[in-house]
Amino acid sequence: MGVWLNKDDYVGDLKRVILCFLIVYMAVVVDTDQDFYSLLGVSKTASSREIRQAFKKLALKLHPDKNPNNPNAHSDFLKINRAYEVLKDEDLRKKYDKYGEKGLADNQEGGQYESWNYYRYDFGIYDDDPEIITLDRREFDAAVNSGELWFVNFYSAGCSHCHDLAPTWRDFAKEVDGLLRIGAVNCGDDRMLCRMKGVNSYPSLFIFRSGMAAVKYHGDRSKDSLVSFAMQHVRSSVTELWADCLTSQTRLRLSGMLDGLVNVGWMDCATQANLCTSLDITTSSTAYFPPGATLNNKEKSNVLFLNSLDAKEIYLEIMHNLPDFELLSADTLEDRLAHHRWLLFFHFGKNGNSNDPELKKLKTLLKNEHIQIGKFDCSSAPDICSNLYVFQPCLAVFKGQGTKEYEIHHGKKILYDILAFAKESVHSHVTTLGPQNFPANDKEPWLVDFFAPWCPPCRALLPELRKASKHLYGQLKFGTLDCTVHEGLCNMYNIQAYPTTVVFNQSNVHEYEGHHSAEQILEFIEDLMNPSVISLSPTTFNELVKQRKHDEVWMVDFYSPWCHPCQVLMPEWKRMARTLTGLINVGSIDCQQYHSFCAEENVRRYPEIRFFPPKSNKAYQYHSYNGWNRDAYSLRIWGLGFLPQASIDLTPQAFNEKVLQGKNHWVIDFYAPWCGPCQNFAPEFELLARMIKGKVKAGKVDCQANAQTCQKAGIRAYPTVKFFPYERSKRNIGGEQIDSRDAKEIAALIYEKLENLQKHGMRNKDEL
């Protein structure tokens, strides 16, 4: 819960704790020989799939069920289980990378594990299938919004029907490989993702394509039925042109695979004998005509004749023979990048051609984004690549501003990941930084992400930075700095863990400590621009808190920067403060900086949260928070509970006279004293009452004491919120029900209804 300190030894203990923390922290940063990564036998760059595969291999070998004669089997297995539980979770992995096991003090999972059979049959079902891509929450949106067609299997490892489907799903994936993407989502690992996608039974199979609603499959689970369903969603058309032995189904598949790249057709030589003769075709054949191919002279044309009748083999052969991306020269590079958006592949010498022919689809899939695709040979102009901080083969998006604004890709070198990066990057405002353009003395504020490309939490943060940059365009600039390339610059700013995200605002520097989401980054920036928490010193504490006005109240967090529970609390404390603006003053005081003052205030643990009620003639008074949960919602409920009631308790007579017959707008909370949700909602309703004060009155009706009134109002559940607007005609006793339980949402709904009433009244007046 907290860190306890004896008052007499406070200063000495504090210094020793800080010193020990620094020693342990440095040891964690330096010593990585015996850590969670080495326990699993993976590198720090390992992907989620690689971590699962490594753990599964060890689990099958070291599980106590398979080692009954080993007295250490249980404890050994707990170690690798703990390592897996941490490394599979992005947030825990970042904490571990930054602070070591000390950073996981508030998370001690890994004490339980499954039977050996679970790891053999139920764990990572599709990890060993190259045609099936297991998608986690971070990858899912990028994949299904890439523009490719996806067929995704949402499953649960404990579901027998899912296991029954698995062999068929593998065969199906091989059958349609290259035609569409086949995915799998383990709902046991990603419950939130499955819930967001409306998955409530297993297995659930959905077709996804960017720009269209997901389509659920309801047919039988045979391979043929799955193929038939998938083919209905493949974009394909076949023109009657040339002769071949391909079946109509194969033609359609080939057309779908090559959609947007090559036109697919067929020709009957019985009816087109002259054309077939001119091409010297005597037997059934398949031919590829590249741009500029001639039809009348087989010897001089560049027509490619193919012997295979298999759609996948024909597809791969044609993909290899499609024209490569345009090669830009050093002389024209700046001019070309200044007038168009580009996705540019950088290579060095002979490594110019991509090993993945599927990347040639980029030109078609990015057509609507108006992004041109090209490549540049760094060996022809090393200075240009050096100035762009390109020292190895990679790709980057240039946003139409020449070489001034661009972003290097650090994700997977596979089609859907590159597509997602390109689409996000051209519409965002994140740029790649280095010594030449680092905003050290820039007058404008910058958010700089110090990262390493091998770090999975770093890669997870990058798309969230892009989302946030779009919302803050014109207010804040965004940049990324690769610490594996610019080690000296990162050392200058004392960067010791990745990712480290810092806001530079001239002489002020603020480090971001929240979760890797655009929403929390935006909250962090909003709080920097408009601080919701007042940083207090002993002087300002005495002036603002102790000498507060009679109608003022305060909530104060006494913390220390080295205290991990304090670090976890800080973003929640700021979030809570924003919801209490105008009602409760919120402050914080650094007890490492002002340790003597905190000792005088009898602060013996961190964090110590105190509520200072309206000032009275009584002695110095406050209330300490002893709740288990330190999230924004729990803390807000606790603080609001001390405020005097702003709503009015209504009797049946008062309800009739003031609400039904009065001349004010009312919002009413119908509740029962024994109802838990009612008790939780009560502080929120009080917050609403204060928000709408002066425009709408807020009342409460106890439905246990006034059952008849609630029955007439049509109340069937507790709590129920209803709005009773004042109108010249007699009011409806049933009112207008409001389903939200959030004060801000309810207030917005009420104001919208009032605006509509006003417009309606003005129209009636005009008609008269």
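Small disclaimer: the values here were computed from a predicted structure and weren't measured.

Q: What am I meant to see in the overall build of the protein chain here?
A: Of regular secondary structure, the protein chain possesses 28 helices and 31 strands. Taking as baseline every contact in the protein chain between residues at least 6 positions apart, the subset at least 24 positions apart corresponds to 72%. By element, 48% of the accessible surface of the protein chain is carried by carbon and sulfur atoms, the whole surface being about 39100 Å².

Q: Looking at this structure, I do not really get the nonpolar core. What am I missing?
A: One broad rule of soluble globular proteins: the nonpolar side chains tend to lie buried together. One finds M555, W573, M576, I584, V667, L688 and I750 to be the most contacted residues of the largest nonpolar core, which totals 35 residues. Put simply, the parts of the chain that give this core at least two residues each are α22 (564–579), β25 (608–612), α24 (632–640), α26 (676–691), β30 (720–724) and α28 (743–767). Each residue touching I750, except ones within four places of it in the same chain, is listed here: V667, V696, F723 and I738. Counting residues in each nonpolar core, the second largest holds 27 residues, with I125, Y155, F172 and I207 among its members.

Q: When you look at unusual backbone geometry in this model, what are you seeing that I'm missing?
A: A negative phi angle is the norm for most residues apart from glycine, just as the trans form is the norm for most peptide bonds. Each neighbour pair has its own omega, and for Y202 with P203 the value is -10 degrees, a cis peptide bond. Residue P499 follows Y498 across a cis peptide bond; omega there is -10 degrees. As for its placement among the helices and strands, P499 is situated in the loop between α19 (487–492) and β19 (500–505). A positive phi is found at H370, a non-glycine position, where the angle reads about 55 degrees. Structurally, H370 is set in the loop between α15 (362–365) and β13 (371–377). For Y389, which is not a glycine, the phi torsion comes out positive at approximately 60 degrees. Here Y389 lies in the loop between α16 (382–387) and β14 (394–399).

Q: I would appreciate a short explanation of the state of the cysteines in the present structure.
A: Formally, a disulfide is one covalent bond, and it connects the sulfur atom of one cysteine to the sulfur atom of another. Applying the stated criterion to the full structure yields 7 disulfides. What pairs with C378 in a disulfide is C385, and their sulfur atoms sit 2.0 Å apart. Because the torsion about its S-S bond is -85 degrees, the bridge between C378 and C385 counts as left-handed. What pairs with C591 in a disulfide is C598, and their sulfur atoms sit 2.0 Å apart. Note on the C591 and C598 pair: the S-S dihedral is about -85 degrees, so by sign convention the disulfide is left-handed. A relative accessible area of 0% places C591 in the buried class.

Q: It is not clear to me how the packing of aromatic side chains should be interpreted in this structure. Could you clarify?
A: How two aromatic rings sit relative to each other is set out by the distance from centre to centre and by the angle between their planes. Enumeration according to the criterion identifies 44 aromatic pairs in this entry. Centroid distance F325 to F345: 5.4 Å. Interplanar angle 20 degrees. Geometry classified as stacked. With a gap of 20 residues between them, F325 in the loop between α13 (311–321) and β11 (326–327) and F345 in strand β12 (residues 341–347) connect regions that are remote in the sequence. Like F325, the residue F345 is buried in the burial classification.

Q: Help me understand the environment of P499, please; the structure alone is not making it clear to me.
A: We classify P499 as buried; its relative accessible area is 2%. A sequence separation of 49 residues divides P499 from F450, and the C-alpha atoms of the two residues are 5.7 Å apart.

Q: Just to check I follow, could you spell out the environment of I589 for this structure?
A: Here I589 is to be found in strand β23 (residues 585–590). In contact with I589, other than residues within four places in its own chain, are L536, S537, P538, V556, D557, F558, Y559, Y594 and F597.

Q: Can you walk me through the confidence of the model for the protein chain in this structure?
A: Predicted coordinates in areas of low pLDDT are best not read in detail. Per-residue pLDDT for the protein chain averages 81, and the proportion of residues at 70 or more is 82%. Confidence over residues 1–33 falls short of pLDDT 50; this stretch has 43 contacts with residues more than four positions distant or in other chains. A low-confidence stretch, residues 237–246 stays under pLDDT 50, and its non-local contacts, those more than four residues away or across chains, total 41 contacts.

Q: What is the right way to read the pattern of salt bridges from this model?
A: It is possible for side chains of opposite charge to pair when their charged atoms get near one another. Counted by the stated rule, this structure contains 25 salt bridges. Where K412 meets E139, a salt bridge forms, and the shortest distance between an N and an O atom there is 2.5 Å. Of this pair, K412 sits in the loop between β15 (406–408) and α17 (415–427) while E139 sits in helix α7 (residues 137–144); the two residues are 273 residues apart in sequence, bridging distant segments of the chain. On the accessibility criterion, K412 (35% relative accessible area) is partly exposed. Residue E139 is classed as buried on the basis of its relative accessible area, which comes to 9%. Taking the shortest distance from any N to any O, the salt bridge between E608 and R605 comes out at 3.5 Å. Of the two residues, E608 and R605, neither departs from the other in class, the shared state being buried. Members of the salt-bridge network, linked through shared partners, are E523, D527, E572, R575 and R578.

Q: Would you mind showing me how to read the side chain of R605 here?
A: Here R605 lies in strand β24 (residues 605–606). Only 3.5 Å separates the side chain of R605 from the side chain of E608, close enough to count as a polar contact. There is a polar contact of 3.1 Å between the side chain of R605 and the side chain of N626.

Q: Honestly, the pairing of β14 in this entry has me stumped. Any pointers?
A: Within β14, 6 of the 6 residues are buried, leaving the element largely enclosed by the surrounding structure. Relative to β14, β12 runs antiparallel, the two being bridged by 6 bridges. In the sheet register, L343 faces β14, and the bridge partner there is V397. As paired strands, β14 and β15 are joined by 3 bridges and run antiparallel to one another. Its bridge partner lying in β15, V397 is registered against E407. In textbook terms, the turn of a hairpin is the stretch between consecutive antiparallel strands, and for β14 and β15 this stretch comprises 6 residues, one of which, G400, has a positive phi near 90 degrees.

Q: It is not clear to me how the sheet that holds strand β31 (residues 736–738) should be interpreted in this structure. Could you clarify?
A: The pairing of strands in a sheet happens through backbone hydrogen bonds and is either parallel or antiparallel. Read across the sheet, 5 strands follow the order β27-β29-β28-β30-β31 without closing on themselves; strand pairing throughout is mixed. If you trace the sheet from one side to the other, it starts and ends with β27 (648–649) and β31, each paired once. Sheet analysis places strand β28 (residues 666–671) next to β30, joined by 5 bridges and oriented antiparallel. Paired with F670 across the bridge in β30 is T720. The strands that helix α25 (residues 652–660) touches are β28, β29 (697–702) and β30; relative to β28, the one it contacts most, it runs at about 155 degrees.

Q: What is the right way to look at α25 in this model?
A: Spacing of three or four residues puts side chains on the same side of an α-helix, whose turn is 3.6 residues. Turning to α25, its buried residues are A654, F655, V659 and L660. For α25, the buried positions fall inside an angular range of 160 degrees around the axis, keeping them on one side. Against β28, β29, α27 (707–712) and β30 lie the buried residues of α25.

About the cut-offs
- Residues numbered from 1 in each chain as written.
- Predicted model: local features only at pLDDT ≥ 70, side-chain atom pairs only at ≥ 80, totals over all residues.
- Heavy atoms only, no water.
- Helix = DSSP H or I, 4+ residues; strand = E, 2+ residues; numbered from the N terminus.
- Contact = heavy atoms within 4.5 Å.
- Areas by Shrake-Rupley, 256 points an atom, 1.4 Å probe, with all protein chains shown as cover.
- Core = buried A, V, L, I, M, F, W, Y, C linked by side-chain atoms within 4.5 Å.
- Buried < 20%, exposed > 50% of the residue type's maximum accessible area, 1.4 Å probe, protein only.
- Disulfide = S-S within 2.5 Å.
- Phe/Tyr/Trp six-rings, centres within 6.5 Å; stacked < 30°, edge-to-face > 60°.
- pLDDT = per-residue confidence, 0-100.
- Salt bridge = Lys/Arg side-chain N within 4 Å of Asp/Glu carboxyl O.
- Polar contact = N/O pair within 3.5 Å; in protein donor to acceptor, adjacent residues only side chain to side chain.
- Pairing = 2+ DSSP bridges.
- Axes fitted to C-alpha atoms, helices over the stretch in contact; angles between N-to-C directions.
- Arc of directions from axis to C-beta.

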